[in-house]
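Okay, here's what each chain looks like letter by letter:
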Amino acid sequence: MNDKPFAPSCERNRDPILEVLQPALRDARSVLEIGSGTGQHAVHFAAALPQLTWQTSERAEHLPGIVQWLDEAALPNTPAPIPLDVADGPWPQARFDAVFTANTLHIMGWPQVQAFFAGVDGVLGEAGTLAVYGPFNYGGAYTSESNAQFDDWLKARDPVSAIRDFETVDALARGIGLRLAQDHAMPANNRLVVWRRG
Ligand SMILES: C[S@@+](CC[C@H](N)C(=O)[O-])C[C@H]1O[C@@H](n2cnc3c(N)ncnc32)[C@H](O)[C@@H]1O
């Protein structure tokens, strides 16, 4: 019986995300993924980017599902997932060439988003890349009616969740020495934002 956790959205967005990550992570050799969810993204991206070591991480309750995906794929470049809650840690001692996260900043509360950037500051190398996929607002406005409805749904589910303002997230990124490199429009009114250090 195959009872791996499965997110249909990952199947839809993985190839458009990969198209951006391929050039953005060309010079990277190690990636820390934060909030890896099911592990589907990790398996897809690590298989397509064999020069990278793709380190998954998640809150502890999600780790068994990620292990199932990684074990089945048996890739040489996906070490076992590590437990990581951005607010509680434990943040790895190691440094990574890149950090990737998908669909997490609008799920976390704002203090956790701040903790995310504080933690990224410690794990990202001097010429590191941060890539964040998900919905953003610009100039205080939704980019689509569907994102406005999604935000209502998020807040009804958990009042701390919200689609984040790009400008406030960019300010956090600048606060840890990152500069905006690319802001890609993605399918379904999402964005893939790439910041770089150095
Ligand atoms: C909507 S899911 C996205 C999962 C996956 N990245 C994807 O795109 O399918 C949001 C994820 O954020 C994780 N998350 C929420 N708060 C977190 C925190 N404080 N620290 C680390 N991960 C967190 C959740 O455990 C969940 O797996």
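Since this is a predicted model, take the numbers as computed values, not measurements.

(A) The arrangement of the sheet that holds strand β5 (residues 96-102) in detail. Pairing within the open sheet is mixed, and its six strands lie in the order β2-β1-β5-β6-β10-β9. The outermost strands of the open sheet, each flanked by one partner alone, are β2 (53-55) and β9 (178-186). Adjacent strand axes in the sheet meet at a mean angle of 20 degrees, parallel and antiparallel pairs treated alike. Bridge count for strand β6 (residues 124-134) against strand β10 (residues 190-197) is six bridges, and the pairing is antiparallel. Residue Ala131 lies in a different strand from β10, and its bridge partner there is Val194.

(B) Fine view of the environment of Trp195. If you trace the backbone, Trp195 turns up in strand β10. Taking relative accessible area as the criterion, Trp195 reaches 0% and is therefore assigned buried. Distance in space between the C-alpha atoms of Trp195 and Asp88 is 24 Å, their sequence separation being 107 residues. Here Asp170 takes part through its side chain, which lies 2.7 Å from a polar atom of the side chain of Trp195.

(C) Seen up close, the nonpolar core. In this structure, Ile17, Leu21, Leu25, Phe45, Trp54, Phe100 and Leu192 are the most contacted members of the largest nonpolar core, which totals 27 residues. Residue assignment for this core shows that the elements contributing at least two residues are α1 (8-24), α2 (40-48), α3 (63-73), β5, β6 and β10. If one sorts the elements of this core by residue count, α1 sits on top with five residues. Here Leu192 is in contact with Ile17, Val20, Ala131, Val132, Tyr133, Gln182, Asp183, His184 and Met186, once residues within four sequence places are set aside. Membership of the second largest hydrophobic core comes to 25 residues, among which are Ile34, Met108, Leu124 and Leu130.

(D) Quick peek at the pairing of strand β1 (residues 30-34). With five of five residues buried, β1 is to be regarded as a mostly interior element. Alternating residues of β1 divide into Ser30, Leu32 and Ile34 and Val31 and Glu33, and every residue in both groups is buried. Summarising the sheet, β1 and β2 pair through three bridges and their orientation is parallel. Considered in β2, the bridge of Val31 is made with Trp54. What joins β1 to β2 is α2, and the crossover it makes is right-handed. In the sheet, β1 pairs with β5 via four bridges, with the strands oriented parallel. Within β5, the position partnered with Ile34 by the bridge is Thr101.

(E) Geometry of the pattern of salt bridges. Per the counting criterion, the structure on display carries six salt bridges. Salt-bridge contacts for Lys4 lead to Glu72; the nearest nitrogen and oxygen are separated by 3.3 Å. Placement of the pair is Lys4 in the segment before α1 and Glu72 in helix α3, with a sequence separation of 68 residues. Its relative accessible area of 15% is what places Lys4 among the buried residues. Residue Glu72 is classed as exposed on the basis of its relative accessible area of 54%. A salt bridge links Arg174 to Asp170; the nearest nitrogen and oxygen atoms lie 3.2 Å apart. Of this pair, Arg174 and Asp170 both sit in helix α6 (residues 166-175), four residues apart, roughly one helical turn.

(F) Representation of the site of the ligand. If you check the shell around the ligand, you find 17 residues, and the closest are Gly35, Glu58, Asp85, Val86 and Ala102. Within the side chain of Asp85, one N or O atom sits 3.1 Å away from a nitrogen atom of the ligand. Contact between the ligand and Ala102: a nitrogen atom at 2.8 Å from a main-chain N or O atom of the residue. Within the complex, the protein chains bury 86% of what would otherwise be the 590 Å² of accessible surface of the ligand.

Calculation rules
- Residues numbered from 1 in each chain as written.
- Predicted model: local features only at pLDDT ≥ 70, side-chain atom pairs only at ≥ 80, totals over all residues.
- Heavy atoms only, no water.
- Pairing = 2+ DSSP bridges.
- Helix = DSSP H or I, 4+ residues; strand = E, 2+ residues; numbered from the N terminus.
- Axes fitted to C-alpha atoms, helices over the stretch in contact; angles between N-to-C directions.
- Buried < 20%, exposed > 50% of the residue type's maximum accessible area, 1.4 Å probe, protein only.
- Polar contact = N/O pair within 3.5 Å; in protein donor to acceptor, adjacent residues only side chain to side chain.
- Core = buried A, V, L, I, M, F, W, Y, C linked by side-chain atoms within 4.5 Å.
- Contact = heavy atoms within 4.5 Å.
- Right-handed = clockwise from strand over helix to strand, strands pointing away.
- Salt bridge = Lys/Arg side-chain N within 4 Å of Asp/Glu carboxyl O.
- Near = heavy atom within 4 Å.
- Areas by Shrake-Rupley, 256 points an atom, 1.4 Å probe, with all protein chains shown as cover.

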